[in-house]
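# Structure assessment
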Amino acid sequence: QLNDVRAKVMASRQVGNRLHFALLYEGGVMTDNYDDDDRPVIEFDWLPIARDPRNKALAWKMHYSSAFEYADPELRIIWNVDWTGETDLSE
């Protein structure tokens, strides 16, 4: 089922001889739709990303942009699905 599909985004880094892992995102399907080329896509729940207050470029953009021009950073995951019949999750 499409509702059972979940996405995870992990990050890792090595510090000395140890690996550190972080879960950046985990979410379910928000919608299935079609892109501009009429190909099926699955869009997952989106996640706003906290902006670093020390980032002077984002602070400037937020201050000097209208509300319609500025958007906080966010993570959007869109899966372009190849519906070959074998991976059809819509049933």
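It should be noted that the structure appears before, not after, this text.
For clarity, every value in this text was computed on a predicted model and none was experimentally measured. (Residues numbered from 1 in each chain as written. Predicted model: local features only at pLDDT ≥ 70, side-chain atom pairs only at ≥ 80, totals over all residues. Heavy atoms only, no water.)

### Quick notes on helix H1 (residues 56-64)
The cut-off we apply is this: Under the scheme applied here, a residue whose accessible area is under 20% of the maximum for its type counts as buried, over 50% as exposed, and between as partly exposed, the area being computed with a 1.4 Å probe on protein chains only. Each helix is a run of DSSP H or I of at least 4 residues and each strand a run of E of at least 2, with the numbering of both proceeding from the N terminus. Polar contact criterion, stated in full: a pair of N or O atoms within 3.5 Å, where within protein one must be able to donate a hydrogen and the other to accept it, and residues adjacent in sequence count only if both atoms are side-chain atoms.
By the criterion of burial, H1 is predominantly exposed, with just 0 of the 9 residues buried. Between the side-chain oxygen at the start of H1 and the backbone nitrogen of Ala 57 there is a gap of 3.1 Å, and the oxygen is on Asn 55.

### Overview of the pairing of strand S3 (residues 40-44)
The criterion, for reference: Being paired, for any two strands, means DSSP has found at least two bridges between them.
Across the 5 residues that make up S3, a large majority, 5, are buried. Of the strand pairs in this sheet, strand S2 (residues 18-34) and S3 are connected by 5 bridges, and their pairing is antiparallel. Note that in S3 the partner of Val 29 across the bridge is Phe 44. Relative to strand S6 (residues 78-80), S3 is paired through 3 bridges, and the arrangement is antiparallel.

### Here's the deal with the sheet that holds S6
Defined as follows: As a rule, the C-alpha atoms of each element are fitted with a line to give its axis, helices using only the stretch in contact, and angles between N-to-C directions run from 0 to 180 degrees.
The strand order S1-S2-S3-S6 describes an open sheet built from 4 strands, whose pairing is antiparallel. Since the sheet does not close on itself, it has two edges, and those belong to strand S1 (6-15) and S6, each with one partner. Averaged over all pairs of adjacent strands, the angle between strand axes in this sheet comes to 30 degrees, irrespective of strand direction.

### Things to note about a nonpolar patch on the surface
In plain terms, the rule: Here a patch means residues that are over 30% exposed by relative accessible area and free of salt bridges, tied together within 9 Å if like-charged and within 5 Å if nonpolar (Val, Leu, Ile, Met, Phe, Trp, Tyr). Each accessible area is a Shrake-Rupley estimate made with a 1.4 Å probe; only the visible protein chains count as cover when residues are assessed. Basic side-chain nitrogens of Lys or Arg form a salt bridge, by our definition, when they fall within 4 Å of a carboxyl oxygen of Asp or Glu.
Together, Met 10, Leu 19, Phe 21 and Leu 23 make up an exposed nonpolar region whose accessible area comes to about 450 Å². When residues of the nonpolar patch are assigned to their parent elements, the largest contribution, 3 residues, is made by S2. Its place among the elements puts Met 10 in strand S1. By relative accessible area, Met 10 is classed as partly exposed at 48%.

### Let's talk about the environment of Trp 79
Relative to the helices and strands, Trp 79 resides in strand S6. Judged by relative accessible area, which is 37%, Trp 79 ranks as partly exposed. Considered as a pair, Trp 79 and Ala 7 are 72 residues apart in the sequence and their alpha carbons are 9.8 Å apart.

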